[in-house]
Amino acid sequence: MSTDQGMQHESGPLQEDDATASQDTLQLELSADAEALAGDGEEDPDPKTLAAAQTSTQSAGRTVAPDRERLWLHEALEPSASTWRWCVPLDRVNRDIYRSPCFEVKGYRWRLLVARHPIQHGYEITNDTVGLFLESVDSAEGADDTFRILASYRLRVVNFVTDSTMQFQHEDIFRRSGSDWGVKHNWKWSELVRTPGYVVYLNSYSKPRLWHNSTTVQLSEVAFHFEVSVYIDLHQFNYGPALPRSEIGWVGLKNQGATCYLNSLLQALFHISYLRDAVYQLPTEQEILKSESEPEGRASLPLALQRLFWQLQFCEDARKTKELTKAFGWSAEDAWRQQDIQELNRLLCDTLEQKMKGTLQEQCIQKLFMGQTKLYVKCVN
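This one's a predicted model, so the numbers in the text were calculated from it and none came from an experiment.

Enquirer: Explanation requested: the overall build of the chain in the structure shown.
Expert: Scanning the chain for helices and strands turns up 11 helices and 17 strands. Here the chain holds 381 residues, and the buried ones make up 46% of them. At a minimum sequence separation of 6, the contacts of the chain that also span at least 24 residues come to 68%. Counting only carbon and sulfur atoms, one obtains 48% of the accessible surface of the chain, whose full area is about 19,800 Å².

This is the structure in structure tokens:
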């Protein structure tokens, strides 16, 4: 179950709920259709990157034992991007805001915030949602009101049964007046605890053991695994937010996660006017009809590139590249991985060259990018 669509995107600071109900003695009954997958899991976190909770982490006036939760580096995607996981006992996911230990990405400090929020219809509270936020510690605790960080991030609740997870992806500017961003009202507590794969036993990191068979447990015995991927685009940070065409004459491309290399390549190709005109003249009428007739239709690569070039030339604000990366066959996960730009350029040019066969633009790629090398041996005597 993916909940990418229609999520609540809010900034903080989050508000503590005065009507806090203690969850320590509540019991959780999971659905009978969940299956045990003991032995199916991931590698142990590297001890050097494993960060146990602080010796005395305070939450709503209570001390949490350090072995009850862990925050660890799950994957280092590149120097300015990484993915972290946080194991949180279910009794800590209550009406109070609960904060993770701090972690660093490219020298900047971050932490996760989690809390349960009631859904109220009239005078009746029908369900709770789980809110998950990413907080910039430097923005929240710093004294400089001008400090800001532009970051792309993805928040999700890990499901150890299927790849379909509750996740939220966005790009925001973190500053003192808005130091936390995330999702609040779309992840229902009941769905998380009843859907197989989200709830696991505590201290089962190397081989997560799932809850199953309608077993009744204390909330303190099981946990969620929250995951955050953070990418800091230092170039965007240094030069500030995207400016409209009316101020600079051009528009930029928004970063999906770790796609700065792709944006650079696309801007370079776009500014070759001969290539841009050739892309506009590609015969894509049938592909347009096909993409419009299918609700989940994926545009072809030539059609997606046509549309993106047109947007770069005529639209007023920075554009997204999601339609193009979808045409590549990329998933959301792929957008967070640094790809080889030379291989990507070869794929793009090969596809365009095939599409241009039999048209007036057939020799375009060769004229622009083909060269010759000559090797010879010359005697020095």
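Enquirer: In this structure, what is going on with the packing of helix α8 (residues 301-314) against helix α10 (residues 341-356)? I would like to understand it.
Expert: Helix-helix packing is described using two parameters, namely the angle between the two axes and the distance between the axes. Taken N-terminus to C-terminus, the directions of α8 and α10 make an angle of 105°; their axes are 10 Å apart at the nearest point. When the axis of α8 is compared with that of α10, the two are roughly perpendicular. Note on element contacts: α10 touches α8 through L348, T351, L352 and K355, opposite L301, P302 and L305. Taken together, the residues that form the contact of α8 with α10 break down as 5 nonpolar, 1 polar and 1 charged.

Enquirer: I tried to follow a nonpolar patch on the surface on my own but got confused; where do I start?
Expert: A surface patch of nonpolar side chains, about 270 Å² in accessible area, is lined by Y274, L368 and F369. Within the secondary structure layout, F369 lies in helix α11 (residues 364-369).

Enquirer: Mind showing me how you'd approach the side chain of T259 here?
Expert: Looking at where T259 falls in the secondary structure, it is placed in the loop between α4 (245-248) and α5 (260-270). The exposure class assigned to T259 is buried, which follows from its relative accessible area of 0%.

Enquirer: Can you help me understand α5 in this one?
Expert: For α5, the buried fraction is high: 8 of the 11 residues fall into the buried class. Within α5, the full set of buried residues consists of Y261, L262, N263, L265, L266, Q267, L269 and F270. Residues of α5 that are buried in the fold lie against α6 (273-280), α8, α9 (322-328), α10 and α11.

Enquirer: Even after reading the chapter, I still don't get the pairing of strand β6 (residues 70-78), so can you show me in this structure?
Expert: Within a regular strand, the side chains alternate between the two sheet faces. In this structure, β6 lies alongside strand β7 (residues 81-89), joined through 7 bridges in antiparallel fashion. Looking at the pairing, R70 lines up with C87 of β7. Linking β6 back to β7 in an antiparallel pair, the connection comprises 2 residues.

Enquirer: Mind showing me how you'd approach the packing of aromatic side chains here?
Expert: Under the definition given, this model contains 13 aromatic pairs. Summarising the aromatic geometry, the rings of W86 and F226 are spaced 6.2 Å apart at their centres and angled 45° between planes, so their arrangement reads as tilted. Placement of W86 in strand β7 and of F226 in strand β17 (residues 222-232) is noted, with a sequence separation of 140 residues between them. The class for W86 is buried, based on a relative accessible area of 0%. Joined through ring pairs, the aromatic side chains of W86, Y98, W189, F224 and F226 make up one cluster. One residue, R116, lies across the ring of W189, its end atom 3.7 Å from the ring centre. Directly above the ring of F270 sits R276, whose terminal nitrogen or CZ lies 4.8 Å from the centroid.

Enquirer: Please clarify how the pattern of salt bridges should be interpreted in this entry.
Expert: Pairs can form between side chains of opposite charge once their charged atoms are near each other. Using the criterion set out here, one finds 13 salt bridges in the structure. Close ionic contact of R85 with E227 constitutes a salt bridge, the shortest N to O distance being 2.6 Å. In this pair, R85 sits in strand β7 while E227 sits in strand β17, placing the two residues 142 residues apart along the sequence. Each member of the pair, R85 together with E227, is buried. D128 is paired through a salt bridge with R116; the nearest N and O atoms lie 3.0 Å apart. In this pair, D128 sits in strand β11 (residues 124-136) while R116 sits in strand β10 (residues 108-121), placing the two residues 12 residues apart along the sequence. Through salt bridges with shared partners, one network takes in R109, R111, E135, D138 and E141.

Enquirer: Please explain the nonpolar core as it appears in this structure.
Expert: Considering soluble globular proteins, one finds that nonpolar side chains tend to be buried as a cluster. Core analysis: the largest hydrophobic core is formed by 41 residues, its most contacted members being F103, W110, L134, F224, F226 and V230. Of the residues forming this core, the biggest block, 6 residues, is contributed by β17. Not counting the four nearest positions on each side in its chain, L134 is found in contact with F103, W110, R111, L112, Y153, L155, F174, S179, D180, W181, V228 and V230. Within the second largest apolar cluster, 31 residues are counted, among which are L265, L301, L303 and L305.

Enquirer: Just checking my understanding: could you explain the environment of L134 for this structure?
Expert: As for its placement among the helices and strands, L134 is situated in strand β11. Take L134: its relative accessible area is 0%, and that puts it in the buried class. Between the C-alpha atom of L134 and that of Y153, which follows or precedes it by 19 residues, the distance is 8.2 Å.

Enquirer: Can you walk me through the packing of α6 against α8 in this structure?
Expert: Where α6 contacts α8, the axes come no closer than 9 Å and their chain directions differ by 125°. Considering their axes alone, α6 and α8 lie oblique with respect to each other. In terms of crossing hand, the pair formed by α6 and α8 is left-handed. Where α6 abuts α8, its residues R276, V279 and Y280 lie against L305, Q306, F309, W310 and Q313. Each residue belonging to the contact of α6 with α8 can be placed in one class, and the counts come to 5 nonpolar, 2 polar and 1 charged.

Enquirer: Please explain the confidence of the model for the chain as it appears in this structure.
Expert: The predicted coordinates should not be examined in detail at positions where pLDDT is low. When pLDDT is averaged along the chain, the result is 76; 73% of the residues meet or exceed 70. Counted against residues more than four places away or in other chains, residues 1-8, with its pLDDT under 50, gives 23 contacts. Here residues 11-67 is modelled with pLDDT under 50, and outside its nearest four sequence neighbours on either side it reaches 123 contacts, counting other chains as well.

Reading the values: the criteria
- Residues numbered from 1 in each chain as written.
- Predicted model: local features only at pLDDT ≥ 70, side-chain atom pairs only at ≥ 80, totals over all residues.
- Heavy atoms only, no water.
- Helix = DSSP H or I, 4+ residues; strand = E, 2+ residues; numbered from the N terminus.
- Buried < 20%, exposed > 50% of the residue type's maximum accessible area, 1.4 Å probe, protein only.
- Contact = heavy atoms within 4.5 Å.
- Areas by Shrake-Rupley, 256 points an atom, 1.4 Å probe, with all protein chains shown as cover.
- Axes fitted to C-alpha atoms, helices over the stretch in contact; angles between N-to-C directions.
- Parallel < 35°, antiparallel > 145°, perpendicular 65-115°, else oblique.
- Nonpolar A, V, L, I, M, F, W, Y, C, P; charged D, E, K, R; others polar.
- Patch = residues over 30% accessible without salt bridge, like charges linked within 9 Å, V, L, I, M, F, W, Y side chains within 5 Å.
- Salt bridge = Lys/Arg side-chain N within 4 Å of Asp/Glu carboxyl O.
- Pairing = 2+ DSSP bridges.
- Phe/Tyr/Trp six-rings, centres within 6.5 Å; stacked < 30°, edge-to-face > 60°.
- Lys NZ or Arg CZ within 6 Å of the ring centre and 35° of its normal.
- Core = buried A, V, L, I, M, F, W, Y, C linked by side-chain atoms within 4.5 Å.
- Left-handed = near helix turned anticlockwise from the far one by under 90°.
- pLDDT = per-residue confidence, 0-100.

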